[in-house]
Amino acid sequence: MKNNGGMSIIVKRITRITVSLIFLFGVYIMLHGHLSPGGGFAGGVIIALSFIHLVLAFGKDFAFRYFNKTLAFFLEGLGGILFLVISLLGIFIGGIFFLNFLPKGSPFNLFSSGIILASNFAIFLKVGAGLFSIFIALSLYRLSEKE
Amino acid sequence: MIELYIILILMIIAAMASIYIEDLLSSVIALGAVGFGITLAFLFLKAPDLAITQLVVEILSLIILIKATIKSNRDINKEKNYISYIFLASFFIIAFLYFGYKAISELPKFGFPITKVSSFYIREGLNKTKAVNLVSSIILDFRAYDTLGEAIVLFTSVVGVLSVLRRNNEK
């Protein structure tokens, strides 16, 4: 990690294979949060870890070329607002905060359990974008400190 | 049950090692051993949700701590004022043991919790929410207000970190 070009060629080749698998595993953990252990928080952290994996392997130049700061902040705010909207829609529809107003379906199906799936998705967006922005901010701070 | 006590003893040893080791990177690695010990303890107590979350958060915090300490190897100045250290340490250990004993003797016995409210969740959780994972149905339906507070805590911490580091960030 002397230059900012990242690690060796072996790490880069293996990262190209594994990073999509880690991303898919995070999405799986989030989507099956109401069926198996996991949920939005764990899935979001796994997504953030997959992007951090990419930044660590390919270096800071690669990260700054493709990382969009505005998009990460937008996704983080979108997740928080989506969770609030889900909670407030319960008041408008049934008069109870966090009312489970969506159709519940039958157990053991992917699209079941009403607002739990939507809330998992909102928390997933929020945690993934938020933790990745914290990591990027800390790396940027170290880079500007050295110069 | 015996494996849980073995893990707890290993975690105590790792925590003491992370304090007494002088190299910062070795100290961070010993701290990671404590976190993975917590993961194993959650698995032995049959809480896979908490184990997954603890594992991924531990990896994230280890990456950040290693990136922070891998370049800087500061010398720890050792002071020789041992007597005040021993006095303070023994005072805090005695106070902690006394209040810990008073608090723990009030708790229900380990493995036999008082389930007044949560027995309702266990009985009616599947019928009311149709979610198979009972933990998910509690944190996102019955107790979703707590999860909203947790999301606000995370949002506040992200905004705090980004605003503290903003001036170096913008250039």
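First things first, this report covers the structure right here in the doc. All of these numbers come straight from a predicted model, not from anything done at the bench.

### A few points about the overall build of chain A
Scanning chain A from N- to C-terminus turns up 4 helices and 0 strands. Listing every helix and strand of chain A by position from the N terminus yields α-α-α-α. In terms of overall size, chain A is more extended than a compact globule, its C-alpha atoms giving a radius of gyration of 18 Å where 147 residues would be expected to give roughly 15 Å. Principal-axis analysis of the C-alpha atoms gives chain A an extent of 60 × 30 × 20 Å. The burial tally for chain A puts 39% of its 147 residues in the buried class. Of the contacts made within chain A by residues no fewer than 6 positions apart, 67% connect residues no fewer than 24 positions apart.

### Let's talk about the overall build of chain B
If you tally the helices and strands in chain B, you get 8 helices and 0 strands. Shown N-terminal to C-terminal, the secondary structure of chain B runs as helices and strands in the order α-α-α-α-α-α-α-α. In summary, chain B has a C-alpha radius of gyration of 21 Å against a globular reference of 16 Å for 171 residues, an excess of more than 25%. Dimensions of chain B, computed from C-alpha atoms along their principal axes, come out at roughly 65 × 50 × 25 Å. Looking at chain B residue by residue over its 171 residues, the buried ones come to 14%. Contacts spanning at least 24 positions in sequence make up 37% of the contacts within chain B whose residues lie at least 6 apart.

### Considerations on the interface of chain A and chain B
With 44 residues of chain A at the contact, the number on the chain B side is 33 residues. The greatest single-element share of the side of chain A that touches chain B, amounting to 16 residues, is contributed by helix α4 (residues 115–146) of chain A. Here the side of chain A that touches chain B is composed, by residue class, of 23 nonpolar, 18 polar and 3 charged.

### Some details on the packing of helix α3 (residues 69–94) of chain A against helix α7 (residues 144–164) of chain B
Between two packed helices, both the angle of their axes relative to each other and the distance between the axes serve to describe the pair. Interhelical geometry of α3 of chain A versus α7 of chain B gives an angle of 160 degrees and a closest axis separation of 11 Å. As summarised for this structure, α3 of chain A and α7 of chain B are arranged roughly antiparallel, according to the angle between their axes. Viewed along their axes, α3 of chain A and α7 of chain B form a crossing whose handedness is left-handed. Listed contacts from α7 of chain B to Glu76, Gly80, Phe83 and Ser87 of chain A of α3 of chain A are Ala144, Leu148, Ala151, Phe155 and Val158 of chain B. When grouped by side-chain class, the residues that make up the contact of α3 of chain A with α7 of chain B number 6 nonpolar, 2 polar and 1 charged.

### Considerations on unusual backbone geometry
One non-glycine residue, phenylalanine 108 of chain A, lies in positive phi territory at about 70 degrees. Looking at the element boundaries, phenylalanine 108 of chain A is found in the loop between α3 and α4. Look at lysine 46 of chain B: it is not a glycine, yet its phi comes out positive at around 65 degrees. Tracing the backbone shows lysine 46 of chain B in the loop between α2 (24–44) and α3 (48–69). Judged by C-beta crowding, with 8 C-beta atoms within 10 Å, lysine 46 of chain B ranks as exposed.

Definitions and limits used
Residues numbered from 1 in each chain as written. Chains lettered and ligands numbered in written order. Predicted model: local features only at pLDDT ≥ 70, side-chain atom pairs only at ≥ 80, totals over all residues. Helix = DSSP H or I, 4+ residues; strand = E, 2+ residues; numbered from the N terminus. Rg over C-alpha atoms; globule rule 2.2 N^0.38 Å. Buried ≥ 20, exposed ≤ 12 C-beta atoms within 10 Å, placed from the backbone. Contact = placed C-beta atoms within 7 Å. Nonpolar A, V, L, I, M, F, W, Y, C, P; charged D, E, K, R; others polar. Axes fitted to C-alpha atoms, helices over the stretch in contact; angles between N-to-C directions. Parallel < 35°, antiparallel > 145°, perpendicular 65-115°, else oblique. Left-handed = near helix turned anticlockwise from the far one by under 90°.

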